[in-house]
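# Architecture and fold: a report
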Amino acid sequence: AAGGRMLDAIGTLYVLKSALSAPVQAAQEFDRALAEIGAKGNLTAEQMTAIGEAAKRTSSQMNQFATDVVRAQDFLVGMGLDVDRATKAMPSIAWAATATGASLEDLSKAGFAAMSNLGLAAEDLGKSFDIMAAAGKAGGFELRDMAQYLPSITALASSKGMTGAEGLAQIAAALQIVRRGAGDASEAATNFSNILQKINSNDAIKNFRKKGIDIQKVLKDA
């Protein structure tokens, strides 16, 4: 009986230790993530505190971990986005992640691609994710798929004149059409990238000319 009580006591202490250590570890990870973004952005202690408070507000409102919010913001800063714009972008990114089940990291990449390649402002990210989500509901290329493949696609699309919210809508719509003839989202993204890469190649120009189409003029007009 004494042995049984001793085992119960040991089990209780183990559970208590785990319960107490979990929040301490979470706080350490949060501080470490803040330190990393502070080093990249050359931030003061006051600026880091402000970022931390903003991340906590976003995490509570959007049901995300504060550390994950800071790490996603750290990605944006690491890619060259200034800290203020990255902070403004996080609520929209976190909202989209919660609403769709996509990862914060993938949506941060998609958001950065929309801003850097298509010229969208951080304040417009909410509208951008709405556009992508609406297209995903209408077709089979979902927002979580766009979050994964948009960075490479937008770089190609912007060279064809697709910019801003309208350009993003064109890309999102085109992906739904291409998805119909593809086995999965990865194949659809590859097929659309091939279209963007090859549409003004010499072979494509010749083949369009055979059909009476001056593809270079069409692209210029578009």
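Figured I'd write up the structure that's included with this text. (Residues numbered from 1 in each chain as written. Predicted model: local features only at pLDDT ≥ 70, side-chain atom pairs only at ≥ 80, totals over all residues. Heavy atoms only, no water.)

A few words now on the overall build of the chain. A count of helical and extended segments in the chain gives eleven helices and zero strands. Element order for the chain, N to C, with α for helix and β for strand: α-α-α-α-α-α-α-α-α-α-α. Here the chain has a C-alpha radius of gyration of 23 Å; the compact-globule value for 222 residues is 17 Å, and the former is much larger. Counting only C-alpha atoms and orienting by the principal axes, one finds that the chain spans roughly 90 × 45 × 25 Å. Going through the 222 residues of the chain one by one, you find that 38% of them count as buried. For the chain, restricting intrachain contacts to residue pairs at least 6 apart in sequence, the fraction spanning at least 24 positions comes to 61%. (Helix = DSSP H or I, 4+ residues; strand = E, 2+ residues; numbered from the N terminus. Rg over C-alpha atoms; globule rule 2.2 N^0.38 Å. Buried < 20%, exposed > 50% of the residue type's maximum accessible area, 1.4 Å probe, protein only. Contact = heavy atoms within 4.5 Å.)

What the rule picks out here adds up to five salt bridges. Of the charged contacts in the structure, one is a salt bridge between Asp74 and Lys40, with a shortest N-O distance of 3.0 Å. Here the residue Asp74 occupies a position in helix 3 (residues 66-78), and Lys40 occupies one in helix 1 (residues 2-41), the gap between them amounting to 34 residues. Accessibility expressed as a relative area gives 9% for Asp74, which makes it buried. A salt bridge links Lys109 to Glu105, with the nearest nitrogen and oxygen atoms 3.6 Å apart. Here the residue Lys109 and the residue Glu105 both occupy positions in helix 5 (residues 104-118), the gap between them amounting to four residues, near one helical turn. (Salt bridge = Lys/Arg side-chain N within 4 Å of Asp/Glu carboxyl O.)

A surface patch of positive charge is lined by Lys206, Arg209, Lys210 and Lys211. With respect to the helices and strands, Lys211 occurs in the loop between helix 10 (202-210) and helix 11 (215-221). By relative accessible area, Lys211 is classed as exposed at 70%. (Patch = residues over 30% accessible without salt bridge, like charges linked within 9 Å, V, L, I, M, F, W, Y side chains within 5 Å. Areas by Shrake-Rupley, 256 points an atom, 1.4 Å probe, with all protein chains shown as cover. Lys, Arg positive; Asp, Glu negative; His and termini not counted. Charge placed at Lys NZ, Arg CZ, Asp CG, Glu CD.)

It is worth spelling out the layout of surface pockets at this point. Approximately 250 Å³ is the volume attributed to the largest pocket. What lines the largest pocket is Lys160, Gly161, Met162, Thr163, Glu166, Gly167, Gln170, Ile195, Leu196, Ile199, Leu219 and Ala222. When contributions to the lining of the largest pocket are tallied by element, the ones reaching two or more residues are helix 8 (164-180) and helix 9 (185-198). Partitioned by chemical class, the residues of the lining of the largest pocket number six nonpolar, four polar and two charged. (1 Å grid on protein atoms, 1.4 Å probe; cavity = no way out; pocket = protein on both sides within 12 Å on 5 of 7 lines; lining within 4 Å. Points joined across faces, edges and corners; volume = space filled by probe spheres on them. Nonpolar A, V, L, I, M, F, W, Y, C, P; charged D, E, K, R; others polar.)

Turning our eyes to something else, we now look at the packing of helix 7 (residues 143-158) against helix 8. At a minimum axis distance of 11 Å, the contact between helix 7 and helix 8 shows a crossing angle of 115°. Crossing of helix 7 against helix 8: the hand is right-handed. Across from Met146, Leu150, Ile153, Thr154 and Ala157 in helix 7, the residues of helix 8 making contact are Leu168, Ile171, Ala172, Leu175 and Gln176. Residue classes in the contact of helix 7 with helix 8 are distributed as eight nonpolar, two polar and no charged. (Axes fitted to C-alpha atoms, helices over the stretch in contact; angles between N-to-C directions. Left-handed = near helix turned anticlockwise from the far one by under 90°.)

A few words now on the packing of aromatic side chains. Overall, the coordinates contain two aromatic pairs when judged by the stated rule. Both rings, one in Phe75 and one in Phe112, keep their centres 6.4 Å apart while their planes meet at 80°; by these two values the pair is edge-to-face. On the criterion of sequence distance, the pair formed by Phe75 in helix 3 and Phe112 in helix 5 is long-range, its members being 37 residues apart. Between Phe141 and Tyr149, the ring centres sit 6.3 Å apart and the planes meet at 55°, which makes this aromatic pair tilted. We note that Phe141, like Tyr149, is buried. (Phe/Tyr/Trp six-rings, centres within 6.5 Å; stacked < 30°, edge-to-face > 60°.)

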